[in-house]
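What follows is the residue order along each chain.
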Amino acid sequence: MSKYLVNKFLYTIDRDHDLTERYRDDPAGTVTWWEQEMAGRILNCITAETTTWLSFTDDERTALATHDHVALFELGAHPFLALTLWIAMFERDFTEPLGMQLDYAEKLAHVRMPYPDIST
Amino acid sequence: MADLVAVLATTHHPFYYRTSQLPPDQAPPFAAEWISKIATYRETLTRARPDVLVMVGSDHFHQLWLDNMPQFLVGKAPMYDANWENEVREFGMPKLLLRGDEELSAYMLRQGLDKGFDLAFSNELRIDHSITCPILTVRPDADLPIVPIYTNIFAPPLPQPERFVQLGRTIREIIESWPSHLRVAVIGSGHLSLELGGPRQFGPTGPDPEFDARAVEWISNGDIDGVLGNVTLDSLHAPGNATHGFMDFMLMMGVAGYQKADHADSLSLFHTMEAYFTWYPNPHLIDAPSSLTTPGGRA
């Protein structure tokens, strides 16, 4: 498990308008590029200080590459980070107020307590 | 010594600002009551005539991140930029610039460290809607200097609920021992039951109205023992997956002490129950209510 890295992906994509659009349009390509080029970047350090050991598991990579927010929830990704990024990418596709958020919840309706552990 | 003139504990609903800006014919049906309750609540701060605001909130993965996550952090800077791009994008919140009170920040840090809290600090902090929502509701002119205090209610492992109450008590002790002539208000924001990114999010009410009703009773009665006897890190998962934000209310109960709130009000909305509380630790320092104060709360 590398919940930390999944969260780092969600966090860094959400805070950059261009990356948010790129991930919406090309999820698989964005995940591949990000894991190769960005995953090891410590956020306030130069590239010479890149972390050498971080990578996604296959399940995490697939969930991110297919925009599968249900799988991300089940893998223990931080729900706030996933929701915030999904609102940025997909709220525009719904006409009703909160339509996207309610659809997002409905897709998780099968989930029972306790929810997956989000500790990193 | 400084005067602690008011203690406010409030939910922070990032949709309030945009809702309050809508023309009446475009506003949702609950807007008028919400705006009225906020106006009443704002008056409870105005009556206290504060000079400086200690603002308790929690960064939502904006500046504080998992590679270096403090549990409790005090801002110490002359100015604070406020609100983030994704808050502008998602909530329509305005960018703000707030003054800081570095002297009180320094005193808070020194005294907090000496009283058993190993507080982190930041000299360049962009604050987020956990602090700007209450600024926009109870002090929309944003004209007073602040001392921001961030808690971690978001990224486990979290401090225990008792620790939030203890920090609240300590913040009060520090303010009351601050060698200053200024009038200080402490304003903290958190949540009652809340779900974000899970199956119970954005329902017609908060995810657990029963918890919300109990929480309002604990807070309005100053029932610190009751809340500590019923709330644990584990139990807070049940009312909703973001309910650990309730611990910021517990911190504010620690500031207020075993005292009934002088103003207690709530409003059930889609998604959450809103709740607004004010205590006056020194009632003789408070102005009489103006005509704005209506019988909405228990003022």
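This write-up is about the structure you can find in this document. (Residues numbered from 1 in each chain as written. Chains lettered and ligands numbered in written order. Predicted model: local features only at pLDDT ≥ 70, side-chain atom pairs only at ≥ 80, totals over all residues. Heavy atoms only, no water.)

**Side note on the packing of aromatic side chains**
Geometry of an aromatic ring pair is reported as the spacing of the ring centres plus the angle between the planes. All names here are of chain B. Following the criterion strictly, the structure yields 26 aromatic pairs over all chains and no others. Pairing F15 with F270 gives two aromatic rings, centres 6.4 Å apart and planes at 25°, and the pair type is stacked. With a gap of 255 residues between them, F15 in the loop between β1 (3-11) and α1 (16-21) and F270 in the loop between β9 (263-268) and β10 (273-279) connect regions that are remote in the sequence. For the pair formed by F15 and F270, the shared burial category is buried. Ring geometry for F249 versus F277: centroids 6.1 Å apart, planes at 90°, classification edge-to-face. Separated by 28 residues along the polypeptide, F249 in helix α9 (residues 246-256) and F277 in strand β10 bring together distant segments of the chain. F277 carries the same exposure label as F249, and that label is buried. (Phe/Tyr/Trp six-rings, centres within 6.5 Å; stacked < 30°, edge-to-face > 60°. Helix = DSSP H or I, 4+ residues; strand = E, 2+ residues; numbered from the N terminus. Buried < 20%, exposed > 50% of the residue type's maximum accessible area, 1.4 Å probe, protein only.)

**As for the pairing of β9(B)**
Pairing analysis gives six bridges linking β9(B) to β10(B), with the strands arranged antiparallel. Residue pairing across strands places B:D265 opposite B:Y276, the latter belonging to β10(B). (Pairing = 2+ DSSP bridges.)

**Some remarks on the interface of chain A and chain B**
Listed per partner, the contact involves 32 residues of chain A and 27 residues of chain B. Overall, the association of chain A and chain B removes approximately 2500 Å² of surface from exposure, summing both partners, and the carbon and sulfur fraction of that is 64%. If you sort the residues of chain A by the area they bury against chain B, A:Y11, A:F80 and A:Y115 come out on top, with a joint share of 21%. There are one salt bridge connecting chain A and chain B. Close ionic contact of B:R89 with A:D14 constitutes a salt bridge, the shortest N to O distance being 2.7 Å. On inspection of chain A and its partner chain B, the count reaches nine residue pairs in polar contact (both at pLDDT 80 or more). The set of elements that each furnish at least two residues to the side of chain A that touches chain B consists of α1 (3-14), α2 (17-25), α6 (79-90) and α7 (99-106) of chain A. (Contact = heavy atoms within 4.5 Å. Buried area = accessible area lost by both parts, 1.4 Å probe. Salt bridge = Lys/Arg side-chain N within 4 Å of Asp/Glu carboxyl O. Polar contact = N/O pair within 3.5 Å; in protein donor to acceptor, adjacent residues only side chain to side chain.)

**Quick look at the side chain of A:Q101**
Structurally, the position occupied by A:Q101 is in helix α7. You can call A:Q101 buried: its relative accessible area is 1%. Looking at A:Q101, its side chain comes within polar contact range of the side chain of A:E91, at 3.2 Å. Residues within four places of A:Q101 in sequence aside, it is in contact with A:I87, A:E91, B:Q201 and B:F202.

**A word on the pairing of strand β5 (residues 96-99) of chain B**
All names here are of chain B. With burial as the criterion, only one face of β5 is covered, namely that bearing L96 and L98; the residues L97 and R99 on the opposite face remain uncovered. When strand β4 (residues 79-82) meets β5, the two strands line up antiparallel, connected through four bridges. Looking at β5, one finds that M79 is bridged to R99.

**Some remarks on the nonpolar core**
Counting 142 residues, the largest nonpolar core has A:L10, A:W86, B:F246 and B:F277 as the members making the most contacts within it. Setting aside residues up to four positions removed in sequence, A:L10 forms contacts with A:L64, A:L72, A:A77, A:L81, A:A82, A:L85 and A:W86. (Core = buried A, V, L, I, M, F, W, Y, C linked by side-chain atoms within 4.5 Å.)

**Details of α7(A)**
Those residues of α7(A) lying buried are A:G99, A:M100, A:Q101, A:Y104 and A:A105. Of the surrounding secondary structure, the elements contacted by the buried residues of α7(A) are α5 (69-75) and α6 of chain A.

**With respect to helix α5 (residues 129-138) of chain B**
The α-helix advances 3.6 residues per turn, and as a result positions three or four apart in sequence lie on the same side. With 10 of 10 residues buried, α5(B) is to be regarded as a mostly interior element. Listed in full, the buried residues belonging to α5(B) are B:H129, B:S130, B:I131, B:T132, B:C133, B:P134, B:I135, B:L136, B:T137 and B:V138.

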